[in-house]
4 protein chains.
Amino acid sequence: FCNVTLWLYQLSKAGKLCVPAMNVNDSVTKQKFDNLYCCRESILDGLKRTTDVMFGGKQVIVCGYGEVGKGCCAALKALGAIVYVTEIDPICALQACMDGFRVVKLNEVIRQVDVIITCTGNKNVVTRDQLDRMKNGSIVCNMGHSNTEIDVASLRTPELTWERVRSQVDHVIWPDGKRVILLAEGRLLNLSCSTVPTFVLSITATTQALALIELYNAPEGRYKQDVYLLPKKMDEYVASLHLATFDAHLTELSDEQAKYLGLNKNGPFKPNYYRY
Amino acid sequence: FCNVTLWLYQLSKAGKLCVPAMNVNDSVTKQKFDNLYCCRESILDGLKRTTDVMFGGKQVIVCGYGEVGKGCCAALKALGAIVYVTEIDPICALQACMDGFRVVKLNEVIRQVDVIITCTGNKNVVTRDQLDRMKNGSIVCNMGHSNTEIDVASLRTPELTWERVRSQVDHVIWPDGKRVILLAEGRLLNLSCSTVPTFVLSITATTQALALIELYNAPEGRYKQDVYLLPKKMDEYVASLHLATFDAHLTELSDEQAKYLGLNKNGPFKPNYYRY
Amino acid sequence: FCNVTLWLYQLSKAGKLCVPAMNVNDSVTKQKFDNLYCCRESILDGLKRTTDVMFGGKQVIVCGYGEVGKGCCAALKALGAIVYVTEIDPICALQACMDGFRVVKLNEVIRQVDVIITCTGNKNVVTRDQLDRMKNGSIVCNMGHSNTEIDVASLRTPELTWERVRSQVDHVIWPDGKRVILLAEGRLLNLSCSTVPTFVLSITATTQALALIELYNAPEGRYKQDVYLLPKKMDEYVASLHLATFDAHLTELSDEQAKYLGLNKNGPFKPNYYRY
Amino acid sequence: FCNVTLWLYQLSKAGKLCVPAMNVNDSVTKQKFDNLYCCRESILDGLKRTTDVMFGGKQVIVCGYGEVGKGCCAALKALGAIVYVTEIDPICALQACMDGFRVVKLNEVIRQVDVIITCTGNKNVVTRDQLDRMKNGSIVCNMGHSNTEIDVASLRTPELTWERVRSQVDHVIWPDGKRVILLAEGRLLNLSCSTVPTFVLSITATTQALALIELYNAPEGRYKQDVYLLPKKMDEYVASLHLATFDAHLTELSDEQAKYLGLNKNGPFKPNYYRY
């Protein structure tokens, strides 16, 4: 999850938030589209545009099995890569198992993988010590948050040579000739080396616009100096605005069905804790 | 989502709940395992054991794209079926689109599908009028809640003949000779015609046991006459107890990383609203 | 590939075949349906009906990546198993790599796998020595040819106890209490513990019937005392007879297109060596 | 299949081939890697680099379900597209059904698809009349042979405006403002707008080199003025040379097993008609 959001909650906890804030990052439509579905495509795109690597048969480790990690893993598995996952959270780890990925510590497979992808929001997930043990020709990149996940600073030492082979692509060369291919100097691959589809931008922008409208229109006192999730109904509205693109046809509840389920026919359709 | 849970919340709203209650159904481990991952397997198993149908090339409509529907769709697609989805909720509908399923109204495809599977928790999702229009030899079954989703009562009329061809399998025969294969008389296919893996039972039972222990051990006043979700930490504990089965190895946060993320090294690792 | 066919070719080579023979097993429709597509479903069905095993997260090794092995691997991967492959043929091994499976020797993973599936047509692919090293509760079964692939005879020794837990399911118990679950005593799982869809039977029976008609109708001298593949045109005819089941609509070549491709508008559409 | 190969066979038939020729295009390793596995990746790459289209939820029609079509379909389905297939050959059509694709005529879905991809080797598979009926913003491209599959010439008429929006991407604009996005002016997308991985080049080049060595070294008279397939053993050799890339470990036949199967321990492992 996004660190900006984390800071908002920390500000709020510390009593330092001076206006109401909407955490649009964690609305469903934002989470699933900007993170899961978008990354499922941009990991492939980012790797291809920079390295022309063939995915089939490659051994890949994805650090972190949140929405971004899930998207990366699904895409790479589908194209014939053998994917390993690292996780700190036992629930996400169990999900990775059930989705067909071996959950390992990075050190267990560091010598054999062809690609490392970080998606954790954490720092120093890949260290110099681990980079030292990677195979010649292996690729390291970051799909997570900011540029802290790979310890890139540790690679800027005199014994290693950097060779820029094209925009966003550096070969870091060890004294024995081994090359590790570092993408976007450890910054976000999806933003640096891929594009974001207009469809995803539309969803994210709609979510943000509706959040602003909600904050502006809300009666005095509904929102205090705290962090709020987008009201479920607005989240559903964002989704409904984008269904026409796919010629998708919603089913409507009959009066009898709405009554049976205790729902309003126009939504919201799910309790707040629903996970999708 | 489960209607028993719905009733608990309705009781609570009405002020009629006389003890604290844990909504274990909506803990992550329960939701994902008992619903998503378990149904992904039991839909195939239930259909095979009852009908020996070949999945490849079959046109299937899944009503409802919640956890159960997602599991059914994923499994059938993977085995070569062509799957359509109906939804009332625009968010779930958009998920279905992104996962590669056409979102339609049941009436649009009723004449062409080979199998209908209901996963809604709703009532009368498949009506007599629709059953009248199905193809000869098509299969109708329910993976959702109770036995209300298919209007089975409407099939008990004099002009239709019922023929029990084996346990849990009825051929309903129209005057023109058309047969529709009804499984488990519209009750839950996964409970009636399939089995639940011991692994899933273990997860669900652990969740329930931990919930009881929590309620029993909690200091006076922590839980009132209301419905609570299982504390995140217990949810994570359930997951961690089951990782050994898969020889999955968790990564531990370093002190520096835990501090960076503002997390305790032992969890909980996610905010309550996190969707997994 | 099928050993009966092998024997036919050996008879022919030895000059001992006294009538013309059609190798219908290697017609495309037979190969892909009876082997690839059928096994893709029956491996899941056979394992579930006998053991109720959950596929998600299980480590499985499939010995042999021919049509049967390809079907087993695809299905298990799709349902969340982690699948390893053994192969003797470098071409099939490379296919396994590109499809996302690690190609290993059985001994490399014997201690960690939950399920072994043999699909080789070979003998003693799983030996007593290997069975000795399997985990408690692991499953061994055969989807290949006859009952020789697993060295079952080697398990009939005094120190091992056999316990029949249900039809087609034996627990073989080691002195230390370890149990290995042997299905169908090493005979074909798909025939012993699963069913063959009528659709597949229809394809196979049509192929056989057309082969007999061809042999009967052929002018004197067209077929000698040798083994022949079904004429491509008949193979295509078998397929075309089964398209209506799926409401599949073929595109017809225009005269101009047929001329451009040098094809007859009614087929055959491919050279004999085409692999599909 | 490749038209150059077709011409070779036509020359041979006409008695006009003046040297022996190897049809390396139809060796297994060439077919599966240069066509199936390579196109599985390059279709995604080619579409992304030119249009940044999001695959999830898109309706795509793939014309032709040979190796190239199979690769395109598998990749797009895996990334959440809804894929339709056209075919002239009933066997390939039945394969498409079993792989989960609806087999239709182009005219049935021309108004609803977002992307058309041709993979037929044929000419005029997409005609002006069909292009007239496509949706605004739809994409048309060719992964098949030469530049004849889409009738591009028919689009060069005065009432249509062509707008080059970037290299290899033209918007063809109808009088009512509708735009169809034509890639590479109908030439091969994978060669024009994507890259070929070095791994695939290595396989193809190895196959060609071995074919030349075989022709050069063969004793007088083994090869006449005809077209030959690469000897199976060489095909296997090409594969075995590339296994180390994936750290794949072949299993060796024991003497007893080789005898049982009637095979040489070093191959060839399959009969010539084997399809992989």
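Residues numbered from 1 in each chain as written. Chains lettered and ligands numbered in written order. Predicted model: local features only at pLDDT ≥ 70, side-chain atom pairs only at ≥ 80, totals over all residues. Heavy atoms only, no water.

This brings us to the interface of chain B and chain A. Facing 69 residues of chain B, the contacting portion of chain A comprises 67 residues. For the pair chain B and chain A, the number of links is 8 salt bridges. Between R102(A) and D247(B) there is a salt bridge whose closest N-O contact spans 3.4 Å. In this assembly, chain B and chain A are joined by 26 residue pairs in polar contact (both at pLDDT 80 or more). Of all the secondary structure elements, the ones that give two or more residues to the side of chain B that touches chain A are α1 (3-13), α2 (28-51), α3 (67-78), α4 (90-98), β4 (102-103), α8 (198-217), α9 (232-241) and α10 (255-261) of chain B. Looking at the side of chain B that touches chain A element by element, the count peaks at 8 residues for α4(B). Across the side of chain B that touches chain A, the residue classes tally to 33 nonpolar, 18 polar and 18 charged. (Contact = heavy atoms within 4.5 Å. Salt bridge = Lys/Arg side-chain N within 4 Å of Asp/Glu carboxyl O. Polar contact = N/O pair within 3.5 Å; in protein donor to acceptor, adjacent residues only side chain to side chain. Helix = DSSP H or I, 4+ residues; strand = E, 2+ residues; numbered from the N terminus. Nonpolar A, V, L, I, M, F, W, Y, C, P; charged D, E, K, R; others polar.)

All names here are of chain A. The assigned domain composition of chain A is domain 1 (1-27 + 197-261) and domain 2 (29-193). Once you take the C-alpha centre of each, domain 1 and domain 2 turn out to be 31 Å apart. With 14 residues of domain 1 at the contact, the number on the domain 2 side is 8 residues. With both chains or domains summed, domain 1 and domain 2 bury close to 1100 Å², and 58% of this area falls on carbon and sulfur atoms. Here domain 1 and domain 2 share 8 residue pairs in polar contact (both at pLDDT 80 or more) between them. Secondary structure elements with two or more residues in the side of domain 1 that touches domain 2: α8 (198-217) and α9 (232-242). Residue contributions to the side of domain 1 that touches domain 2 peak at 5 residues, all from α8. (Domains from an automatic or database assignment. Buried area = accessible area lost by both parts, 1.4 Å probe.)

So, about the pattern of salt bridges. Residues and elements named next belong to chain D. By the definition in use, this model includes 84 salt bridges over all chains. Here D34 ties to K30 by a salt bridge, and the two come within 3.5 Å at their closest N and O atoms. Of this pair, D34 and K30 both sit in helix α2 (residues 28-51), 4 residues apart, which is roughly one turn of that helix. According to the relative accessible area criterion, D34 is partly exposed, its value standing at 21%. Looking at K30, the relative accessible area reads 12%, which means it is buried. (Buried < 20%, exposed > 50% of the residue type's maximum accessible area, 1.4 Å probe, protein only.)

Our next topic: helix α4 (residues 90-98) of chain A. Across the 9 residues that make up α4(A), a large majority, 9, are buried. Among the residues of α4(A), P90(A), I91(A), C92(A), A93(A), L94(A), Q95(A), A96(A), C97(A) and M98(A) are the ones counted as buried. Contacts made by the buried residues of α4(A) are with α3 (67-78), β3 (82-86) and β4 (102-103) of chain A together with α2, α8 and α9 of chain B. For α4(A), the side-chain oxygen to backbone nitrogen distance between the N-cap and I91(A) is 2.8 Å, and the N-cap itself is D89(A).

Moving on to the confidence of the model for chain A. Of all residues in chain A, 99% attain a pLDDT of 70 or more, and the chain-wide mean is 95. Our summary of model confidence lists the complex with pTM equal to 0.96 and ipTM equal to 0.95. (pLDDT = per-residue confidence, 0-100.)

The full count for this structure, using the stated rule, is 28 aromatic pairs over all chains. Where F33(A) meets Y37(A), the ring centres are 5.1 Å apart and the plane angle is 55°; that geometry is what we call tilted. Placement of both F33(A) and Y37(A) in helix α2 (residues 28-51) is noted, with a separation of 4 residues, approximately one turn of the helix. Take Y37(A): its relative accessible area is 1%, and that puts it in the buried class. Note on Y274(A) and Y276(A): the rings are 4.7 Å apart at their centroids and 90° apart in plane angle, and the pair reads as edge-to-face. Like Y276(A), Y274(A) is buried. Directly above the aromatic system of F101(C) lies the positively charged group of K77(C), at a separation of 5.3 Å from the ring centroid. (Phe/Tyr/Trp six-rings, centres within 6.5 Å; stacked < 30°, edge-to-face > 60°. Lys NZ or Arg CZ within 6 Å of the ring centre and 35° of its normal.)

Once that is clear, we can look at the sheet that holds strand β6 (residues 138-142) of chain B. All names here are of chain B. In spatial order, the strands read β4-β3-β2-β5-β6-β9-β8-β7; together these 8 strands make up an open sheet with mixed pairing. The open sheet has two edge strands with one neighbour each: β4 and β7 (161-166). Inspection of the sheet shows strand β2 (residues 59-63) paired to strand β5 (residues 115-118) by 4 bridges, in the parallel sense. Of the residues in β5, the one forming a bridge with C63 is T118. (Pairing = 2+ DSSP bridges.)

Right, let's get into the nonpolar core. Among the nonpolar cores identified, the biggest contains 127 residues, and L47(B), I117(B), L47(C) and I117(C) are the most heavily contacted of them. If we skip the residues at most four places from it in the chain, I117(C) touches I43(C), L47(C), V60(C), I61(C), V62(C), C63(C), C72(C), L76(C), C141(C) and M143(C). C97(A), M22(B), F33(C) and M98(D) belong to the second-largest nonpolar core, a separate cluster that totals 126 residues. (Core = buried A, V, L, I, M, F, W, Y, C linked by side-chain atoms within 4.5 Å.)

To continue, consider the relation of the copies chain B and chain A. Superposing chain B onto chain A requires a rotation of 180° together with a translation of 0.0 Å along the rotation axis, leaving an RMSD of 0.0 Å. Read as a symmetry element, the transformation amounts to a two-fold axis. Judged by C-alpha distance, R275(B) is the residue of chain B that lies nearest the rotation axis, at 2.2 Å. The fraction of interface residues of chain B whose copies in chain A are also interface residues reaches 97%, indicating that both copies meet through the same surface. (Least-squares fit on C-alpha atoms with pLDDT ≥ 70 in both.)

All names here are of chain D. It is at 10 Å that the axes of helix α8 (residues 198-217) and helix α9 (residues 232-242) come closest, and there the two elements cross at 145°. Relative to α9, the crossing made by α8 is right-handed. Touching F199, S202, I203, T206, T207, L210 and E214 of α8 are M234, Y237, V238, L241 and H242, all from α9. Classifying every residue of the contact of α8 with α9 by side-chain character gives 7 nonpolar, 4 polar and 1 charged. (Axes fitted to C-alpha atoms, helices over the stretch in contact; angles between N-to-C directions. Left-handed = near helix turned anticlockwise from the far one by under 90°.)

Taken together, the contact between chain A and chain D spans 25 residues of the former and 25 residues of the latter. Summing the contributions of chain A and of chain D, the shared interface buries around 2200 Å²; its carbon and sulfur component is 59%. The largest contributions to the chain A side of the interface with chain D come from E41(A), M54(A) and L79(A), which together make up 29% of the buried area. Linking chain A to chain D there are 4 salt bridges. For D52(D), the salt bridge is made with R49(A), and the minimal N-O distance between the two is 2.9 Å. Taken together, the connections running from chain A to chain D amount to 14 residue pairs in polar contact (both at pLDDT 80 or more).

This brings us to α2(B). Residues and elements named next belong to chain B. When the terminal C-alpha atoms of α2 are compared, their 33 Å separation across 24 residues agrees well with the 34 Å that a helix rising 1.5 Å per residue should span. Maximal helix bending in α2 amounts to about 50°, located at C39. One or two residues past the end of α2 sits D52, with phi positive at roughly 55°. (Expected span 1.5 Å × (residues − 1). Bend = angle between axes of the 7 residues up to and from the residue.)

Another point: empty space enclosed by the protein. If a probe the size of a water molecule is rolled over the atoms, the empty space left behind becomes visible. Per the counting criterion, the structure on display carries 14 cavities of 30 Å³ or more. For the second largest cavity, the calculated volume is near 210 Å³. I82(A), V83(A), G100(A), I82(C) and G100(C) are, among the 16 residues lining the second largest cavity, the residues nearest its centre. Looking at the lining of the second largest cavity, the elements with two or more residues in it are β3 of chain A together with β3 (82-86) of chain C. (1 Å grid on protein atoms, 1.4 Å probe; cavity = no way out; pocket = protein on both sides within 12 Å on 5 of 7 lines; lining within 4 Å. Points joined across faces, edges and corners; volume = space filled by probe spheres on them.)

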